[in-house]
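Survey of secondary and tertiary structure
Each chain, written out:
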Amino acid sequence: MSERKVRVRFAPSPTGPLHIGGVRTALYNYLFAKKNNGDFILRIEDTDQARYVKGAEEYIISALNWCGLEINEGPVKNGSYGPYRQSERKDLYKSYADNLIKSQNAYYAFDTAEDLEEMREMAKKAKMPNWQYNSITRNNMKNSLTLSNEEVEEKLNNGEPYTIRIKMPRNEDVRFHDEIRGWVIVNTNNMDDKVIFKGDGMPTYHLANVVDDYKMKISHVIRGEEWLPSAPLHVLLYKYLNWEDVMPKFAHLPLILKPDGNGKLSKRDGDRLGFPVFPLQWKDPSSGEISSGYKENGYFSEAFVNMLAFLGWNPGNAKELYSIEELINDFSLERVGKSGAKFDPEKTKWFNQQHLRNKSNNELAILMQKGISHETDIAYLEGVAELMKERAVFVNELLEDDYFFSIPENFDEKTFRKKWKENSFEIMNNLKSVFEGDDEFSVSTIESNFKNFLEANSLGMGAVLPCFRLILTGKGMGPSAFAIAALLGKKEVLKRFESKTPFFNELYKEKNKVQ
Ligand code: GLU
């Protein structure tokens, strides 16, 4: 058999915003598709109308867009296998459920919700708390296996509510090979007769998922570990529908765990520990509650994607910083681990910091411009970026030091108290005169003039530099004062000397009661 074209799908249910675990599933599907010249399909699994949440589909699409996971086919990008929303494929599924009944691999069940509840109660009393509708119990229930053909016909003709259930064989091993976990073998005695078609005319997830994967020619099903228990049922459905030869390969991804490794990462962990669990901000349409998103919190999408890629996968070497193109190149399912991956909010920040450092000053300046209301010279912002980028995790931190944009109003009291002395007024005035004569006013001329000045006056760095910095920035620490001075420019630096030297002098006199 010739190799199948790689076609993978991300198949979320629009029941709310996409959790980072969902984004990682989408990412791995995307990387796998692109690596193998395949197609990445988005399918919206909205058969469960009761759980449908308004705005969730739009959210999913925006989140994929933000991450740069371009879809080849989906609800807003038509392809040859649409429609891509299950609610729009409704008519398709019934015939497959009927086929399964005809081949005696499924049956009608007429038990009401009350009947089922009653059975569960009885079982509980008999100390069998986990009652299931299965190959044994179905013989005592109201279904087309226990009722006569006439009774069944009658019920169907009368429009009595029914479901269609899969007829699990007794004591059979279902085996399939998972690309991540290896061979998985489950005995049908441990499986129940799942409902595959509901009374409301809609298929359940299991049937719709299998039919659509078949119809959409999906080659690989890459999804979260929570679906592993459903996979044997899906394998049986492929068998009963005679699609075994085109059954996709399965790969079940490891869970994303809480930072302490104790259980699955949830929204509550994010709230408790102060990090987002969603890519984009989400406003719950019914409660109005807002959940924060990585985008709005200032993360670069490429840093977010880089971090997610490493939650369960690693390249097998020490390289950690990846662009999406590099991820495509290096990704393989063989290097996805079996065990859960601990989420690390600090490492997420680290990824952002590294991606920020890798950006050119020009790229950063353009982003910084968006964060300030007034038009600022891009070359000037590039200079600020150069001085600040080693200290920043987020773009807004590049703008945190406001002395780059206006004369500082506040100052660091401690530095002032420790470093401003009686003679500082005179020293600063003299230093200003030196700078007045510097026409070039570059980092190196400022620095050499400064050092010559110290030498000529037998002054130490510690006596002069902190006062100079106070005048320029109001701060006790920060990037090189010479570099800041060069960026501010001679005119602005002299202006700050003029206003701040007398200001600090007065303050000194006042505090020390000097006459
Ligand atoms: N609709 C399922 C979900 O919400 C899809 C699972 C699968 O990929 O088969 O995750």
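Heads up: these notes are all about the structure in this document. For clarity, every value in this text was computed on a predicted model and none was experimentally measured. (Residues numbered from 1 in each chain as written. Predicted model: local features only at pLDDT ≥ 70, side-chain atom pairs only at ≥ 80, totals over all residues. Heavy atoms only, no water.)

**Let's talk about the overall build of the protein**
Quick note on the threshold: Numbered from the N terminus, helices here are DSSP runs of H or I no shorter than four residues, and strands are runs of E no shorter than two. Note that the radius of gyration is over C-alpha atoms, with the globule rule given as 2.2 Å times the number of residues to the power 0.38. Per-residue accessibility, obtained with a 1.4 Å probe over protein chains only, is compared with the maximum for each type, and a residue is labelled buried under 20%, exposed over 50%, and partly exposed between these values. Throughout, a residue-residue contact means that at least one pair of heavy atoms, one from each residue, lies within 4.5 Å. Residue burial considers only the protein chains on display, and all accessible areas are found by Shrake-Rupley using a 1.4 Å probe.
Counting secondary structure elements, the protein contains 20 helices and 13 strands. The globule rule puts the C-alpha radius of gyration for 515 residues at 24 Å, and the 33 Å found for the protein is more than 25% above it. Its C-alpha atoms put the protein at 115 × 55 × 35 Å along the principal axes. For the protein, the residues scored as buried account for 49% of the 515 residues in total. The contacts of the protein with a sequence gap of at least 6 include a subset with a gap of at least 24, amounting to 72%. In the structure as shown, the protein presents an accessible area of about 25,300 Å², 47% of it carried by carbon and sulfur atoms.

**Side note on empty space enclosed by the protein**
Just so we agree on the cut-off: Think of a 1 Å grid over the protein atoms and nothing else: a 1.4 Å probe that fits but is trapped marks a cavity, an open set flanked by protein within 12 Å on at least five of seven lines marks a pocket, and residues with an atom within 4 Å of a point count as lining. Grid points are joined across faces, edges and corners, and a volume is the space filled by probe spheres set on the points. Each residue gets one label: Ala, Val, Leu, Ile, Met, Phe, Trp, Tyr, Cys and Pro are nonpolar, Asp, Glu, Lys and Arg are charged, and the others, such as Gly, are polar.
Taken as a whole, this structure holds one cavity of 30 Å³ or more when the rule is applied. By volume, the largest cavity is sized at about 30 Å³. Top contributing element to the lining of the largest cavity by residue count: helix H20 (residues 490-512), with three residues. Split by residue class, the lining of the largest cavity holds five nonpolar, two polar and two charged.

**Observations regarding a negative patch on the surface**
Going by this rule: Patches here are clusters of residues that have more than 30% relative accessible area and form no salt bridge, with a 9 Å joining cutoff for like charges and a 5 Å cutoff for nonpolar side chains (Val, Leu, Ile, Met, Phe, Trp, Tyr). Whenever a carboxyl oxygen of Asp or Glu lies within 4 Å of a side-chain nitrogen of Lys or Arg, that contact is scored as a salt bridge. For the charge count, each Lys or Arg is scored as positive and each Asp or Glu as negative, with His and the chain ends excluded. Just so you know, the charge point we use is NZ for Lys, CZ for Arg, CG for Asp and CD for Glu.
Taken together, the side chains of Glu150, Glu151, Glu153 and Glu154 present a region of like negative charge at the surface. Looking at the element boundaries, glutamate 151 is found in helix H5 (residues 149-157).

**Let's talk about the site of the ligand**
What counts, and what does not: Working definition: residue near molecule or strand if any one of its non-hydrogen atoms lies within 4 Å of it. The definition of a polar contact used here is a pair of N or O atoms within 3.5 Å, where within protein one atom must be able to donate a hydrogen and the other to accept one, and adjacent residues in sequence count solely through side-chain atom pairs. Any molecule with more than half of its atoms within 2 Å of a cavity's or pocket's grid points is counted as sitting in it.
Neighbouring the ligand are Arg9, Ala11, Ser13, Glu45, Tyr205, Asn209, Arg223 and Trp227. At a separation of 2.8 Å, a nitrogen atom of the ligand approaches a polar backbone atom of alanine 11. Side-chain polar atom of tryptophan 227 to an oxygen atom of the ligand: 3.3 Å apart, as the coordinates give it. With the chains in place, 84% of the 290 Å² that the ligand exposes on its own is no longer accessible. Among the detected pockets, the ligand sits in the largest pocket.

**Some remarks on the layout of surface pockets**
Estimated volume of the largest pocket: approximately 1,100 Å³. Around the largest pocket, the lining is made up of 41 residues, and of these Pro12, Ser13, Thr15, Glu226 and Trp227 lie nearest the centre. For the second largest pocket, the calculated volume is near 510 Å³. Contributing to the lining of the second largest pocket are 24 residues, with Glu244, Asp245, Met247, Pro248 and Lys249 lying nearest its centre. When contributions to the lining of the second largest pocket are tallied by element, the ones reaching two or more residues are strand S5 (173-178), helix H7 (231-240) and strand S9 (249-253). It is S5 that provides the largest number of residues to the lining of the second largest pocket, a total of five residues. Taken together, the residues of the lining of the second largest pocket sort by class into eleven nonpolar, four polar and nine charged.

**A few points about the environment of arginine 357**
Note on placement: arginine 357 falls in helix H11 (residues 345-357). Residue arginine 357 is classed as partly exposed on the basis of its relative accessible area, which comes to 27%. With residues up to four places along the chain from it excluded, the contact list for arginine 357 reads Lys389 and Glu390.

**Considering the pairing of strand S2 (residues 39-42)**
Using the following cut-off: Pairing between strands is defined by DSSP: at least two bridges between them are needed. Crossovers are described as right-handed under a simple rule: with the strands pointing away from the observer, the path leading from the first strand over the helix to the second runs clockwise.
By the alternation rule, side chains of S2 split into Asp39 and Ile41 and Phe40 and Leu42, which are all buried. Relative to S2, strand S1 (residues 7-10) runs parallel, the two being bridged by four bridges. Residue pairing in the sheet places phenylalanine 10 in a bridge with leucine 42 of S2. Remark: the S1/helix H1 (residues 20-35)/S2 crossover connection has right-handed handedness.

**Some points on the pattern of salt bridges**
In this structure the tally under the stated criterion is 36 salt bridges. When the shortest N-O distance is used, the salt bridge between glutamate 160 and lysine 155 registers 3.2 Å. Take glutamate 160: its relative accessible area is 29%, and that puts it in the partly exposed class. Residue class for lysine 155 comes out buried when judged on its relative accessible area of 17%.

**Considerations on the packing of aromatic side chains**
Threshold: A pair of aromatic rings is counted whenever rings of Phe, Tyr or Trp (Trp by its six-membered ring) have centres within 6.5 Å, and the orientation is called stacked for planes under 30 degrees apart, edge-to-face for over 60 and tilted otherwise.
Within the structure shown, the criterion is met by 39 aromatic pairs. On the basis of an interplanar angle of 80 degrees and a centroid distance of 5.6 Å, the ring pair of tyrosine 30 and phenylalanine 40 is categorised as edge-to-face. Here the residue tyrosine 30 occupies a position in helix H1, and phenylalanine 40 occupies one in strand S2, the gap between them amounting to ten residues. Taken individually, tyrosine 30 and phenylalanine 40 each receive the classification buried, so the pair is uniform in this respect. Arranged with centres 6.1 Å apart and planes meeting at 40 degrees, the rings of phenylalanine 310 and phenylalanine 351 form a pair that is tilted.

**Focus on the side chain of arginine 89**
Along the chain, arginine 89 falls in the loop between helix H2 (56-67) and helix H3 (90-102). Residue contacts for arginine 89: discarding those within four places in its chain leaves Tyr81, Gly82, Pro83, Asp212, Lys215 and Met216.

**Some remarks on unusual backbone geometry**
Between glycine 82 and proline 83 the backbone carries a cis peptide bond, its omega angle lying at -5 degrees. With respect to the element layout, proline 83 can be found in the loop between H2 and H3. One non-glycine residue, glutamine 104, adopts positive backbone phi at about 60 degrees. The residue glutamine 104 is located in the loop between H3 and strand S3 (106-109) in this model. With a relative accessible area of 57%, glutamine 104 lands in the exposed category. If you check the backbone angles, serine 458 has positive phi at about 50 degrees while not being a glycine. Residue placement: serine 458 occurs in the loop between helix H17 (443-456) and helix H18 (461-473). Accessibility expressed as a relative area gives 67% for serine 458, which makes it exposed.

In short, the description is geometric, and any link to function would need to be established separately.
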